Amino acid sequence: MSFEVSDQIPWSDVTAAELNHRLRNLLMVVRVLVSRTLDTADNLLDAQHIIGERLDAVARSADLLMRTEWQPIDLMRLAKMDLAQAPSFESRFTADGPHVIIAPDAVLPLVLALHELETNAIKYGALSNSAGQVKLDWSVMGGEEAPVLRIDRKSTRLNSSHV
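Since the structure is predicted, the reported quantities are computational estimates derived from the model, not experimental observations. Counting restarts for each chain: residues are numbered from 1 in the order of the written sequence. Per-residue local features of the predicted model are confined to residues with pLDDT of at least 70, and side-chain atom pairs are confined, for both listing and counting, to 80 or more; whole-chain, interface and lining totals are unaffected and use all residues. Calculated side-chain values reflect all of the structure's heavy atoms, with hydrogen atoms and water omitted.

Novice: Report on the pattern of salt bridges, specifying residues and quantitative values.
Specialist: Just to be clear on terms, a salt bridge is a Lys or Arg side-chain nitrogen sitting within 4 Å of an Asp or Glu carboxyl oxygen. For the structure on display, the rule yields five salt bridges. One salt bridge in this structure joins Glu116 and Arg54, with 2.7 Å as the shortest N-O distance. Highlighted residues: Glu116 in helix H4 (residues 104-123) and Arg54 in helix H2 (residues 44-67), separated in sequence by 62 residues. Per-residue accessibility, obtained with a 1.4 Å probe over protein chains only, is compared with the maximum for each type, and a residue is labelled buried under 20%, exposed over 50%, and partly exposed between these values. For Glu116, a relative accessible area of 24% corresponds to the partly exposed category. Between Arg67 and Asp63 there is a salt bridge; the shortest N-O distance is 2.9 Å. Taken together, the residues span about one helical turn, with Arg67 and Asp63 both in helix H2 at a distance of four residues. On the accessibility criterion, Asp63 (39% relative accessible area) is partly exposed. Several salt bridges share partner residues, and in doing so they unite Lys135, Asp137 and Lys154 into one network. Helix and strand definitions here come from DSSP, where helices need a minimum of 4 consecutive H or I residues and strands a minimum of 2 consecutive E residues; each element is numbered from the N-terminal end.

Shown next, in the form of structure tokens:
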């Protein structure tokens, strides 16, 4: 079977349809993010701050996806991208695991999860003092047919007097 140029869908229509689909998905994420934050925040000022930080994480992931033209992204790159938002903790944070490529559709949820892990460590966990350490490890379980990514965060909350 052959196609005439006039029978083909113009590339601009395909791109516009795909962009529309991705934008709708992104707006749904933002809607849920705002709603859940407002439900759990202690007050509106806290909610405003938390929503701002979470939207920054969404923006970072969208920017990365645009720069890579929606190609799969290395998990280590995602972990380091999130850590770059808190450079004062860089020496106290390590990440390790096999080379794992993350599908574009999984980047945003993973970046948000990494952001929440980092935020909780800074506010309440190992990074809330001057000596704690956080280690992010990942592994792939299962076979090639159904691989499962497992991410573990190990925190060591030390008092500065123990260092």
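After presenting the structure, the write-up continues.
Novice: So what's going on with the side chain of Ser61? Residues and values would help.
Specialist: Residue placement: Ser61 occurs in helix H2. When its relative accessible area of 2% is taken as the criterion, Ser61 is described as buried. A polar contact is formed between the side chain of Ser61 and the backbone oxygen of Val58, at a distance of 2.8 Å. We call two residues contacting when some pair of their heavy atoms lies within 4.5 Å. Residues in contact with Ser61, not counting those within four places in the same chain, are Met81, Val107, Leu108 and Val111. Whenever two N or O atoms come within 3.5 Å, that pair is a polar contact, provided that in protein one can donate a hydrogen and the other can accept it, and provided that, for residues adjacent in sequence, both atoms are side-chain atoms.

Novice: Which residues make up the sheet that holds strand E2 (residues 93-96), and what are the values?
Specialist: When DSSP finds two or more bridges between two strands, those strands count as paired. One open sheet accounts for three strands, arranged E2-E4-E5; its pairing is mixed. Looking at which strands have only one partner, the edges of the open sheet turn out to be E2 and strand E5 (148-156). With direction set aside, neighbouring strand axes in the sheet form an average angle of 15 degrees. In this structure, E2 lies alongside strand E4 (residues 133-141), joined through four bridges in parallel fashion. Directly across from Asp96, in E4, lies its bridge partner Asp137. Helix H3 (residues 75-83) contacts E2, E4 and E5 of the sheet and is inclined by roughly 170 degrees relative to E2. Interaxial angle, 0 to 180 degrees, is taken between N-to-C directions of lines fitted to C-alpha atoms, where a helix line uses only the stretch in contact.

Novice: Break down the packing of aromatic side chains for me, citing the residues and quoting the values.
Specialist: Pairing of aromatic rings covers Phe, Tyr and the six-membered ring of Trp, with a centre-to-centre limit of 6.5 Å; geometry is then stacked below 30 degrees between planes, edge-to-face above 60, and tilted otherwise. Following the criterion strictly, the structure yields zero aromatic pairs and no others. The criterion for a charge sitting over a ring is simple: Lys NZ or Arg CZ within 6 Å of the ring centre, and within 35 degrees of the ring normal. Across the ring face of Trp70, the terminal group of Arg22 is positioned such that the distance to the ring centre comes to 3.7 Å.

Novice: How would you sum up H3? Please name residues and give values.
Specialist: For H3, the set of buried residues is Leu75, Leu78, Ala79, Met81, Asp82 and Leu83. The N-cap of H3, judged by a side-chain oxygen 3.3 Å from the amide nitrogen of Met76 a few residues on, is Asp74.

Novice: Which residues make up H2, and what values do they have?
Specialist: By definition here, a helix of n residues has an expected span of 1.5 Å times n minus one. For H2, which comprises 24 residues, the first-to-last C-alpha distance of 34 Å matches the rise-based estimate of 34 Å (1.5 Å per residue) to within 8%. For H2, the set of buried residues is Ala47, Ile51, Arg54, Ala57, Val58, Arg60, Ser61, Leu64 and Leu65. Of the residues that open H2, the one with a side-chain oxygen 3.1 Å from the backbone nitrogen of Leu45 is Asn43. Residue Glu69 follows H2 closely and has a positive phi angle near 55 degrees.

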